[in-house]
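# Overview (structure and organization)
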Amino acid sequence: MTTQPSSTTVHHAIVKSIFSGDTLVIKSSTRSSTNDSEQRISLNYITAPKLARPPTDAGAGGSTVDEPYAFETREYLRKKLVAREICYTIDFQIPQSNRLMCTVYLGKDKDTGENIIESLLSEGLVELRQQTGARANDPKYQRLIIIDEQAKANKRGRYSDQVSDVHVRNIKWTIENPKQFVDEHKSQPPLDAIVEFVRDGNTVRCLLLPSYYLVTLQITGIKCPISKREGSSINETSEPFAEEAKQFVDTRLLQRQVKVILDGVNNQNLVGTLLHPNGNIALHLLKEGLAKCVDWSLTLLQQGWREKYRATEKYAKDNRLKIWKNYVPQPGHADNENNLSSDTNSTASNGKPSDPTLKGYQAKVLEVINGDALTIRDLRDNSIKKIYLSSVRAPRAADMQQKNDENNPNANRQQIRRPLYEIPYLFDARELLRKRLTGKVVRVVTDYIQPASSEYPEKICCSVYAGNVNLGEALISKGLAKAVRHRQDDEQRSSHYDDLLTAEQQAEKRGLGLFSTASGLHRIVDMTGDTNKERAKGLLSVLQRNGRMEGVVEFIASGSRFRIHLLKDNWIISFLLSSINCPRAERRVPVSGNPQQQKVEPGEPFGAEALTFSKEHFLQRDVFVEVENMDRGGNFIGRLTTADGHSAALMLVQSGLAKVHDSAYGAPNYKQLLEAEEKCRKERTGVWTNYEEPTSKDEDENEGENNPEEEVVLGSGIINFNDPRFRRVVVTHVTTDLKVYVQYSEQGSKVEQLQSELREIFNQTRPVGGHTPKKGELLAARFAADNEWYRARVEKIEGNNRISVYFVDYGNRELITDLGRLTTLPPGFLQLPTQAHECELAYVRAPPDEDDRQYAKNALLDEMDNQECLMKVEYRQNNAEHVSLYRASTKENLVKILAEQGLIVVAQGRGNRQLRLTPLYEELQQAQAKAKSSRIGLWQYSDQIEDDATEFGFTGRK
């Protein structure tokens, strides 16, 4: 049963969409209406071919296919009616479905408007339904029969002779490989498409033409407020302006033909740009304040679009439109000064000045820290500060550990001791910045300041430009860093954040750096620290032979103490500048007795200035080093030259931040060092600020003084006995080849206490003899000369219980055959380090004759007379310290006394190398010449001893 309304009532509406060839979705033509006024109406008298239904709507039978001419009929109406005004009359209504059967006219007047039913029949696109009863005699129906017969006669549409399958749309509901599909179409012109459904402001369903793929498309670069989902819970609500955004797109794009630029894929959905003849819908949404930019998909946009999106969003923000009504802009930074005031209105993609050279300030880069931070000197006020690259995330240990956990979940996490070399690609990132920035002037633009927290200090985050190159972008583009993922509403980010994201995507696509399968690690050999001291000593001869080596200064502890990375072999060494004495800077040292705690040891005057100078001129610079020697701490000593050929030692002396050391005598630039020092001394520069010229004293005063001077003039050199390299020692043993064993005086009380406690224990508890020793074992041995017990180490075990021991606190040796004179040490007596230190006399060879050697040994012991001496290490050779010895009371050179008596031979060279001239060496040569001229000692009969004659093959070796 049907209800027949009045046929004379004319209704007006706007066609929103075409549901099928005989059904329209209309909405009221009045502007005040809402989405609730939408309704469906059907065309009376006709039946259109049915469109295919998707799998979700087709029930158990799966998806259906189009009937012939179904899509053509829908398209005919879409092109003719969508967004057009119509008028219609309701012929009747079907009560069961409330379906309105209507006659529709295009335009506002039914008398002049085109009858849509007649047009469809004349094109042969629909079927005229058979009418019965009174309706069969309806004049409208009779007219439609005539039109349909004419279409048959003209073979229009479905009455044509063509095969019907030709007019069936082969719709494809899914894309098997969306990424491949996008890649295939990226280089092609934009695709034609019809917007079939609008889910929300930034998501639509499109029918791609002519392939007939029905796809879900997310609009690239934006995000609209989210609408409440159909069938969702009662508590779920739409975000503000969500419906308005949907209506905005619905009104402009639904069932409109558009151009689609495919940009990427997200969760199997295509991501693309929709271009309507009236413009880019995303820009319109941004301008109305109905959308905001999305970082991740902005990077997918084609060249030129990102800047427009950001600028349009800024327009909506500045005008507080829609979703930005409560927007509060972030304050700018005062230090981003614009040098060209006429260009201050130019804006970039983030609403900031587009040319990076027009803002910020100039600074000099002093150090690159871990690939994402710099130490700079602000050239405006010469202040030094640490800055971070905006929105740049350098490689981290967590990335490596996460990757390792994925590959081997059961593996133990390794402890990272040297992050720069052990974290993949961190060294490469640091090197890229170091080579391009260290010592160079850059432009720094402060983007934001990250406030301090309980765990982290305040961070000044900046974009740094070398020329017009953004260094953060350069790092990321090579896969040596990643962009930080900020919250969508977080404006604390780089002023060119989109460029960083794009660079990261390109690096990932090309498989560079962090996105590659390579390890990215740099293997180095660490020769620094006490644990590597012996290892470093074994390397000395190799480095000496290598001569000039290329390296990078990695760390500076004081003005003349560096840690250097030797590039050829990837060795890390501690390095001291030779020829100078540089004031020490403040440092932290372990507390005695508690290595876990540290105390601050104050620096010497101008120590901080020397440290700052070296950092600014040498830190992280390419240098050349030549190793000459090594100190007892495992630090190599030698010359350091900058890449442009300047001597580091000379630069420090010229700046008044170092003094020339007596070891510089004979150095290649010795004259330049003295001239520079003399100039600074006269001008009272640096360490010479408070220098006073020495005054002459009467000879009588000098003779009457009981206390010797702390500085003694010997020859052309001045010996400063306050030099910390002089140590007070007691010589405990001298061998016939003139090797001396010493105890440091500051340890004397500990040695005496140890011996006293050892004797007390053995007096109270008689030691059990008969201990069977092992080679290398530290035990207690009874010395034959005084029958007392001392600490000793087993050096050699031979048959018949012949055991050679070395008394570790005194340096003498003994052969023991009675096992009763050996026993284990009581508990606690292994803690004190061995106290005997073996040394050789600098520039001296023992006489070749055994009797002469014994005589020289006895003479040296007589001169020392068991008194305290002053000892200084002059050089090191083959891991042996070569020393000079002075009587502590009179400051007399004991070795010089032996040379004057003709009891020793002054060496002509060290190994195959000529000795470097020093004041001490010249002094000993003069003493030996005096003995030769006086014909005493070894020189009684000749100026040569037999080993010195070339015919006996003298090579300069001992």
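Residues numbered from 1 in each chain as written. Predicted model: local features only at pLDDT ≥ 70, side-chain atom pairs only at ≥ 80, totals over all residues. Heavy atoms only, no water.

This brings us to the overall build of the chain. When helices and strands are counted, the chain shows 22 helices and 50 strands. Put simply, the chain has 958 residues, and 46% of those count as buried. A sequence separation of at least 24 residues applies to 62% of the contacts in the chain between residues at least 6 apart. For the chain, the exposed area adds up to about 49,700 Å²; of that, 46% sits on carbon and sulfur atoms. (Helix = DSSP H or I, 4+ residues; strand = E, 2+ residues; numbered from the N terminus. Buried < 20%, exposed > 50% of the residue type's maximum accessible area, 1.4 Å probe, protein only. Contact = heavy atoms within 4.5 Å. Areas by Shrake-Rupley, 256 points an atom, 1.4 Å probe, with all protein chains shown as cover.)

To continue, consider the sheet that holds strand 41 (residues 802–807). Here we have five strands laid out as an open sheet, ordered 42-41-40-39-43, and antiparallel in their pairing. A single partner strand is all that each edge strand has here, and the edge strands are strand 42 (813–816) and strand 43 (822–823). As judged from the four bridges shared by strand 41 and strand 42, these two strands associate in the antiparallel manner. Considered in strand 42, the bridge of Ile803 is made with Ile816. Contacts from helix 19 (residues 748–764) reach strand 39 (778–782), strand 40 (789–798) and strand 43, with the element oriented near 85 degrees to strand 40. (Pairing = 2+ DSSP bridges. Axes fitted to C-alpha atoms, helices over the stretch in contact; angles between N-to-C directions.)

This part takes up empty space enclosed by the protein. Empty space among the atoms becomes visible once a probe the size of a water molecule is rolled across them. All told, the structure shown has one cavity of 30 Å³ or more when counted by the stated rule. A volume near 40 Å³ is recorded for the largest cavity. Together, Leu389, Ser390, Val392, Cys462, Ser463, Val464, Asn470, Gly472, Ser494 and Leu500 line the largest cavity. Considering every element that reaches the lining of the largest cavity, the biggest residue donor is strand 22 (residues 459–466), with three residues. Here the residues of the lining of the largest cavity are counted per class, giving five nonpolar, five polar and no charged. (1 Å grid on protein atoms, 1.4 Å probe; cavity = no way out; pocket = protein on both sides within 12 Å on 5 of 7 lines; lining within 4 Å. Points joined across faces, edges and corners; volume = space filled by probe spheres on them. Nonpolar A, V, L, I, M, F, W, Y, C, P; charged D, E, K, R; others polar.)

What follows concerns the side chain of Asp631. Locating Asp631 in the fold gives a position in the loop between strand 32 (622–630) and strand 33 (636–642). In this structure Asp631 is buried but unpaired, with Arg561 as the nearest side chain of opposite charge at 5.0 Å. Only 3.0 Å separates the side chain of Asp631 from the backbone nitrogen of Gly633, close enough to count as a polar contact. Every residue in contact with Asp631, bar those within four places of it in the chain, is listed here: Leu576, Ile637 and Arg876. (Lys, Arg positive; Asp, Glu negative; His and termini not counted. Salt bridge = Lys/Arg side-chain N within 4 Å of Asp/Glu carboxyl O. Polar contact = N/O pair within 3.5 Å; in protein donor to acceptor, adjacent residues only side chain to side chain.)

Okay, the pattern of salt bridges next. Under the counting rule described, the total for this entry stands at 55 salt bridges. Close ionic contact of Arg169 with Asp66 constitutes a salt bridge, the shortest N to O distance being 2.6 Å. Linking Arg169 in the loop between helix 3 (139–153) and helix 4 (178–186) with Asp66 in the loop between strand 4 (46–47) and helix 1 (70–81), this pair joins segments that are 103 residues apart in sequence. Here Arg310 ties to Glu313 by a salt bridge, and the two come within 3.8 Å at their closest N and O atoms. Linking Arg310 with Glu313, this pair stays in helix 8 (residues 305–318), spanning three residues, or about one helical turn. Arg310 sits in the buried class, given a relative accessible area of 8%. What emerges from the salt-bridge pattern is a single network uniting Asp295, Arg310, Glu313, Lys317, Glu491, Arg493 and Asp498.

Looking now at the environment of Phe783. Inspection of the secondary structure puts Phe783 in the loop between strand 39 and strand 40. With 39 residues separating them in the primary sequence, Phe783 and Leu822 have C-alpha atoms 9.9 Å apart. In contact with Phe783, other than residues within four places in its own chain, are Glu788, Tyr790, Phe807, Asn812, Glu814 and Arg821.

This part takes up the pairing of strand 6 (residues 99–106). By the criterion of burial, strand 6 is predominantly enclosed, with seven of the eight residues buried. Where strand 3 (residues 39–43) and strand 6 come together, three bridges link them in parallel fashion. Bridge pairing links Ile41 to Leu100 in strand 6. Note: strand 5 (residues 85–94) against strand 6, eight bridges, orientation antiparallel.

Right, let's get into unusual backbone geometry. The omega torsion of the bond from Leu209 to Pro210 falls at 0 degrees, within 30 degrees of zero and hence cis. With respect to the helices, strands and loops of the structure, Pro210 is situated in the loop between strand 10 (203–209) and strand 11 (214–219). Phi at Tyr425 is positive, roughly 70 degrees, even though this residue is not glycine. Here Tyr425 shows up in the loop between helix 10 (419–422) and helix 11 (426–437). Under the relative-accessibility criterion, Tyr425 is labelled buried at 10%. Its identity is not glycine, yet Asn570 carries a phi of approximately 55 degrees, on the positive side. Since its relative accessible area comes to 25%, Asn570 is described here as partly exposed.

Relative to the assigned elements, Thr312 resides in helix 8. Look past the residues within four positions of Thr312 in its chain and what remains in contact with it is Leu283, Leu286 and Lys287.

So, on to the state of the cysteines. Across all of its chains, the model carries zero disulfides by this definition. Cys461 forms no disulfide, and the closest cysteine sulfur to it belongs to Cys462, at a distance of 7.0 Å. Overall, the relative accessible area of 3% leaves Cys461 in the buried class. (Disulfide = S-S within 2.5 Å.)

Pairing within the closed barrel is mixed, and its five strands lie in the order 37-38-44-47-46. This sheet shows a mean twist of 55 degrees between the axes of neighbouring strands, independent of strand direction. Examined bridge by bridge, strand 37 (residues 727–734) and strand 38 (residues 739–744) share five bridges and lie antiparallel to one another. By the bridge assignment for strand 38, Val729 is matched with Tyr744.

Turning next to helix 13 (residues 497–510). Look at helix 13: 20 Å from first C-alpha to last across 14 residues, which is about the 20 Å you get at 1.5 Å a residue. Within helix 13 the residues assigned to the buried category are Tyr497, Asp498, Asp499, Leu500, Leu501, Thr502, Ala503, Glu504 and Ala507. Check the buried side of helix 13 and you find it contacts helix 7 (295–298), helix 8, strand 20 (392–393), strand 23 (469–470), helix 12 (471–477) and strand 24 (482–483). At the C-terminal side of helix 13, Gly511 shows a positive phi close to 65 degrees. (Expected span 1.5 Å × (residues − 1).)

The next point concerns the packing of aromatic side chains. Counting across every chain of the model gives 20 aromatic pairs. Consider the rings of Phe721 and Phe726, whose centres lie 4.9 Å apart with planes at 50 degrees: the pair is tilted. The same class applies to Phe721 as to Phe726, namely buried. Considering the side-chain rings of Tyr843 and Tyr875, the 5.1 Å spacing of their centres and the 50 degrees angle between planes classify their relative orientation as tilted. Residue Tyr843 is located in the loop between strand 44 (837–841) and strand 45 (844–845), and its partner Tyr875 is located in strand 46 (residues 869–877); the two are separated by 32 residues in the primary sequence. Each member of the pair, Tyr843 as well as Tyr875, carries the same accessibility label: buried. Aromatic rings pair up to connect Phe783, Tyr790, Phe807 and Tyr810 into one cluster. (Phe/Tyr/Trp six-rings, centres within 6.5 Å; stacked < 30°, edge-to-face > 60°.)

In this section: the environment of Tyr159. In this structure, Tyr159 sits in the loop between helix 3 and helix 4. For Tyr159 and Glu123, which are 36 residues apart along the polypeptide, the C-alpha to C-alpha distance reads 9.5 Å. Tyr159 has contacts with Gly124, Asp148, Ala151 and Lys152, leaving out every residue within four places of it along the chain.

A few words now on the confidence of the model for the chain. Overall, the predicted model of the chain reaches an average pLDDT of 84, with 87% of residues at or above 70. Ignoring residues within four places in sequence, the model shows residues 338–354, a span with pLDDT below 50, making 36 contacts including any to other chains. Between residues 947–958, whose pLDDT stays under 50, and residues either more than four places distant or in other chains, the model counts 18 contacts. (pLDDT = per-residue confidence, 0-100.)

We now examine the pairing of strand 13 (residues 257–266). Sheet topology note: the strand 9 (residues 191–200)/strand 13 ladder contains four bridges and is antiparallel. Within strand 13, the position partnered with Asp192 by the bridge is Lys259. With seven bridges connecting them, strand 13 and strand 14 (residues 269–276) associate as antiparallel partners. For Asn266, the partnering residue across the bridge sits in strand 14 and is Asn269. Joining the antiparallel neighbours strand 13 and strand 14 is a turn of two residues, in which Asn267 adopts a positive phi near 55 degrees.

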